[in-house]
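Spelled out from the first residue to the last, the chains are:
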Amino acid sequence: MIFGIYPGGATGDDTGGLATGAPDDPARVSEALDRLQGRAGRPFLVRAYTHYEDGNGGRLATATPADAERYAVRGRRLDLVAQYRSASGDVAGYRAWLRALVERYGAVTDTLQVTEEPNVVGNPTLDGDYPGVREAIVTGVRTVKEHARALGHTHLRTGFNTTPLFGPATGFVADLVREGGEDFTTALDYIGLDFFPDVFRPVPAAGFDAAVSGLLRHHREAVLGPAGLADLPLHLTEHGWPTGPGRGPERQAEIVGTVVRLAAAAPGIAAYTHFALRDADSARPGLFHRFGLMTDTYAPKPAFDVLRGLVERHG
């Protein structure tokens, strides 16, 4: 299993805003990444976010963390998230921008994710709020794959992600497959899943293992299976559990250890990415300010060393 982490501090919240704090310290970020990765050359992903919106088609710099390619050293590679936020539904412009991203970052990128949580509506920091997002996924995945191959970047893999899907939303992926057809499914290298058990909906500790295992099984059998994608690698593209009032750092370490252990034992899970390296602001009590494995001064919480050990064992 390939491990990775989002090494920034800024975190999008559930209202469309950002939880922010002190700027990232690139030297301390690099030191922490070296420690998590362990031996040089071990595959390790650095998750970075950038977005397309009307009028910014020439903007290719990563939004967070800034200058993300500086961290793609010692065998680390980017896990680049290319968000779609076009209020006018400019899918053609988005595809042109994706080609430019491949040209700039293709040599240092292992995975390029087309859109971010496109099933989520009502939050302008996520892509489901924008018209044409399904077309952006279907045509964007093909665009990335075709352009990467044309440039000789045969290592670069592409896919898209969602949050957990239940009820009528369970058919989201199958609907995309019907729309995109064989050209779309052939271009897909993986499916991503952002999931945060016991963060936004409490899960009793006694039932946590069963809840995580059940969710992963549901996603493969009920979401990917009907879409014909059950054999595709599943990447856990974001997982985290914030500390704070009533949410102790020891429990965070237990949660990280349990989720990685269950993911490593589940069929078809090829990657795990933690969100995030450091807190946005350790003095703030809100959920979105304390997702880090480290405080905002880069002091490790117990979960940091737990993840280091898991990388050594499973990576």
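Above this text you will find the structure in question.
Residues numbered from 1 in each chain as written. Predicted model: local features only at pLDDT ≥ 70, side-chain atom pairs only at ≥ 80, totals over all residues. Heavy atoms only, no water.

K.L.:
Explanation requested: empty space enclosed by the protein in the structure shown.
P.N.:
To find leftover empty space, a probe the size of one water molecule is rolled over the atoms. Applying the stated criterion across every chain, the model contains 1 cavity of 30 Å³ or more. For the largest cavity, the calculated volume is near 30 Å³. What lines the largest cavity is Leu45, Asp79, Thr111, His235, Leu236, Thr237, Ala271 and Thr273. Going through the elements one at a time, β9 (234–239) and β10 (269–275) are the ones with two or more residues in the lining of the largest cavity. Top contributing element to the lining of the largest cavity by residue count: β9, with 3 residues. Of the residues belonging to the lining of the largest cavity, the class tally is 3 nonpolar, 4 polar and 1 charged. (1 Å grid on protein atoms, 1.4 Å probe; cavity = no way out; pocket = protein on both sides within 12 Å on 5 of 7 lines; lining within 4 Å. Points joined across faces, edges and corners; volume = space filled by probe spheres on them. Helix = DSSP H or I, 4+ residues; strand = E, 2+ residues; numbered from the N terminus. Nonpolar A, V, L, I, M, F, W, Y, C, P; charged D, E, K, R; others polar.)

K.L.:
Got a minute to help me understand the pairing of β10 in this structure?
P.N.:
The side chains of a regular strand alternate between the sheet's two faces. With 6 of its 7 residues buried, β10 lies for the most part within the structure. Bridge count for strand β1 (residues 2–6) against β10 is 5 bridges, and the pairing is parallel. Of the residues in β10, the one forming a bridge with Ile5 is His274. The pairing of β9 with β10 spans 4 bridges and is classified as parallel. Bridge pairing links His235 to Ala271 in β10. As a crossover connection, the stretch from β9 through helix α6 (residues 249–265) into β10 is right-handed. (Buried < 20%, exposed > 50% of the residue type's maximum accessible area, 1.4 Å probe, protein only. Pairing = 2+ DSSP bridges. Right-handed = clockwise from strand over helix to strand, strands pointing away.)

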